[in-house]
Amino acid sequence: MSANSKPIGFFDSGLGGLSVLKTARRLLPGENYIYFGDNLNAPYGEKTEEEIKKLTLNACGFLYDKGVKAIVIACNTATSAAVIMMRETYNIPVISMEPAVKPALQGRREGNVLVLATPATVSQARYLGLIERLNAHSEVISVGCGGLVELIEEGHTDEESIHAYLSKRLAFLDGQAIGAVVLGCTHYSFAESAIKSYIDKITHTDCPVFDGRHGTARQLQRVLESQNLLREDSGEGYIQFYASLPGYDISRFEKVYNDFNT
C-alpha cells in the first residue's frame, strides 16, 4: 500500500472524537480512516496527567500498528497532556485539538467567553499557556465539567438532561454577561444544541458557540497537503471502528457517527 493510501488514525477516550472524524470526512471524503475509542478507560478528564499520557501512548500505538499515515488526537484532554510526547514518539504527523478560545474572543458578543471542558483540560499547562498567550485571563471563564462526558457517553444529550446538569454546574454565572461559549471537549459537540439553548436561556441572547473540531479538520488537510500525503485514488474512502472495551457493540460508534450532523 502506498503511503498516500494508508488510513488516517483518529483517537478519543470514547465516542467524542466521532464528531471530529465526521467533520474531517466531510472535508476529505476520499481518505481512509481508522477510529479507536478507548472506552474501557473513559473518561480521561478526571485522571492524572501521567495516567492520560500512558493511555494516550497506548491508544496511539494501536493506531500506529495499524499502519496509519497520520494520527489525530481527537480529544482535548489527551492533547493537553500528551501531544508533545506523541510527536517525539512517532515519525508521522500528529494533529492535535485546541479549544477554540481565540476565534471565540474574536467572534463573541458583549461579555466574557465561557469555556466548557474537562477538569483535566482546564487545569493543564497547555490550556493555561493558551490563555496566557492570548492575554485573556480576565475575559475567559474556564469551567471543568466533571461528569458531563459520562452523561453524553450514556446517550443523555437531550435538553432536560443537559439543562439539569448545567443548572447546577453553572449556577455561579448568575448575572454575568456571556458573549460566547467554547466547547472544549469533543463529547460536548453531541450536546451542542442543548448546551446552546441553556446558555441562551440564562443570558437572554443568541449566544454563539465555538468548536475546535472544524479547525482541527482544516489543520489535518493542510498537513497532508504539505507532506504530499493526500490519497490519490478516486472514490470515497473506508472507515473502520475499534473500541477497547471488551464485548462493546461497535455498531454504536457507527450509529453515533452516522447520526451526527456537522
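Residues numbered from 1 in each chain as written. Predicted model: local features only at pLDDT ≥ 70, side-chain atom pairs only at ≥ 80, totals over all residues. Heavy atoms only, no water.

Peer 1: Hey, could you run me through the packing of aromatic side chains in this one?
Peer 2: Aromatic ring pairs: the centre-centre distance and the angle between the two ring planes describe each pair. Per the stated rule, a full pass over the model turns up ten aromatic pairs. Here the aromatic rings of Phe 11 and Tyr 44 are separated by 6.0 Å at their centres, their planes lie at 50°, and the arrangement is tilted. A residue pair is termed long-range when its members are at least 10 positions apart, and Phe 11 in strand S1 (residues 8-12) and Tyr 44 in the loop between strand S2 (33-37) and helix H2 (49-65) qualify at 33 residues. Summarising the burial analysis for this pair, Phe 11 and Tyr 44 share the class buried. Site record: aromatic cluster; members linked through ring pairs are Tyr 35, Phe 241, Tyr 248, Phe 253 and Tyr 257. In this structure, Lys 22 is placed above the aromatic ring of Tyr 257, and the distance from its NZ or CZ to the ring centre is 5.0 Å. (Phe/Tyr/Trp six-rings, centres within 6.5 Å; stacked < 30°, edge-to-face > 60°. Helix = DSSP H or I, 4+ residues; strand = E, 2+ residues; numbered from the N terminus. Buried < 20%, exposed > 50% of the residue type's maximum accessible area, 1.4 Å probe, protein only. Lys NZ or Arg CZ within 6 Å of the ring centre and 35° of its normal.)

Peer 1: For this particular structure, what's the right way to read the sheet that holds S2?
Peer 2: Backbone-to-backbone hydrogen bonds pair the strands of a sheet. The strands run either parallel or antiparallel. In space, the five strands of this open sheet follow the order S4-S3-S1-S2-S9, with parallel pairing throughout. The open sheet has two edge strands, strand S4 (94-95) and strand S9 (239-243), and neither has a second partner. Relative to S9, S2 is paired through five bridges, and the arrangement is parallel. Paired with Phe 36 across the bridge in S9 is Tyr 242. The sheet contacts of H2 involve S1, S2, strand S3 (70-73) and S9, and relative to S1 the element is tilted by about 155°. (Pairing = 2+ DSSP bridges. Contact = heavy atoms within 4.5 Å. Axes fitted to C-alpha atoms, helices over the stretch in contact; angles between N-to-C directions.)

Peer 1: Is there a simple way to explain the packing of helix H1 (residues 18-27) against helix H11 (residues 251-259) in this structure?
Peer 2: Each pair of packed helices can be summarised by the angle the axes make with each other and by the distance between the axes. Remark: H1 packs on H11, axes separated minimally by 9 Å, with the N-to-C direction vectors making an angle of 55°. Comparing their axes, H11 and H1 come out oblique. Handedness of the crossing formed by H1 with H11: right-handed. In this structure, H1 contributes Leu 18, Leu 21, Lys 22 and Arg 25 to the contact, and H11 contributes Phe 253, Val 256, Tyr 257 and Asn 258. When grouped by side-chain class, the residues that make up the contact of H1 with H11 number five nonpolar, one polar and two charged. (Parallel < 35°, antiparallel > 145°, perpendicular 65-115°, else oblique. Left-handed = near helix turned anticlockwise from the far one by under 90°. Nonpolar A, V, L, I, M, F, W, Y, C, P; charged D, E, K, R; others polar.)

Everything listed here is a matter of geometry and, on its own, says nothing about what the molecule does.
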